[in-house]
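Letter by letter, the chains look like this.
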Amino acid sequence: MFAISLGEGAQLGPLEPWQAEDYLAHIDRGREFIGQYIGLADAAGDLASARAFLQTYADKQAADGARIFGIRLDGTLVGGVLFPQFDAATGCCEVGCWLEPAAVGRGLVTRAAGVLIDWAVDGRGMHRVEWHVDPGNTASINVAKRLGMVCEGVLRQNHPHRGTRHDTEVWSVLAPEWKAHRGH
């Protein structure tokens, strides 16, 4: 398996169905923390559902769509970044993230998301990259800011999560803005 160094013992690499046991152990360690704002933790309750979840991303990637990657710290899976939406035809995609509590505050998501955005813009010619976030998720909003994104607005009560409807802030960066932000 390939991995891209994120520095300080952290690596970014593909997250694939054969890694379901490792993925489930990671989700179990951070289930409540991860599940505060996103349904990702609820999608993997046992080994079969963890494998099925990762398989959906493998299938989407094979069709040049959504993709998922794990962040490992000293070899242990501690979080990840993903393209929940990836549409090469329109040049638009969305980047998302999650971490277990032990990995918070190290800049891992900002670095990993930067790798994905670099690839999307420079490698695939994407023009628009979005970041969707619950307005209460300050840590994720701060990542969007560090990535040079602009808050475009709020989708009111568009996201049902654990029995309650939540708002979603939409942040984005356009390819020319990203290149200027990264100094390309």
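Scroll up for the structure.
1. A closer look at unusual backbone geometry
Phase 1: If you check the backbone angles, Q157 has positive phi at about 45° while not being a glycine.
Phase 2: Position of Q157 among the secondary structure elements: in strand β7 (residues 150-161).
Phase 3: Taking relative accessible area as the criterion, Q157 reaches 49% and is therefore assigned partly exposed.
Phase 4: At R162, a position not held by glycine, the phi torsion is positive, near 50°.
Phase 5: Locating R162 in the fold gives a position in the loop between β7 and β8 (164-174).

2. Some thoughts on the packing of aromatic side chains
Phase 1: Evaluated as defined, the whole model comprises six aromatic pairs.
Phase 2: Taking 6.5 Å as the distance between ring centres and 90° as the angle between the ring planes, the aromatic pair formed by Y23 and W98 counts as edge-to-face. One end of the pair, Y23, is in helix α1 (residues 20-34); the other, W98, is in strand β5 (residues 92-99), and 75 residues separate them in sequence. As far as the burial class goes, Y23 and W98 line up, both buried.
Phase 3: Linked through ring pairs, Y23, F53, Y57 and W98 together constitute an aromatic cluster.
Phase 4: Above the face of the Y57 ring, K60 is positioned so that its terminal group lies 5.2 Å from the ring centre.
Phase 5: Looking at R67, its charged tip hangs above the ring of F86, at a distance of 4.5 Å from the centre.

3. Observations regarding the pairing of β7
Along any regular strand, the residues point their side chains to alternate faces of the sheet.
Phase 1: Here β7 runs beside β8; their pairing, made up of eight bridges, is antiparallel. Along β8, the bridge assignment pairs H159 with H166.
Phase 2: Linkage of β7 to β8, two consecutive antiparallel strands, is achieved through a turn of two residues, within which R162 is found at a positive phi near 50°.

The rules we used
Residues numbered from 1 in each chain as written. Predicted model: local features only at pLDDT ≥ 70, side-chain atom pairs only at ≥ 80, totals over all residues. Heavy atoms only, no water. Helix = DSSP H or I, 4+ residues; strand = E, 2+ residues; numbered from the N terminus. Buried < 20%, exposed > 50% of the residue type's maximum accessible area, 1.4 Å probe, protein only. Phe/Tyr/Trp six-rings, centres within 6.5 Å; stacked < 30°, edge-to-face > 60°. Lys NZ or Arg CZ within 6 Å of the ring centre and 35° of its normal. Pairing = 2+ DSSP bridges.

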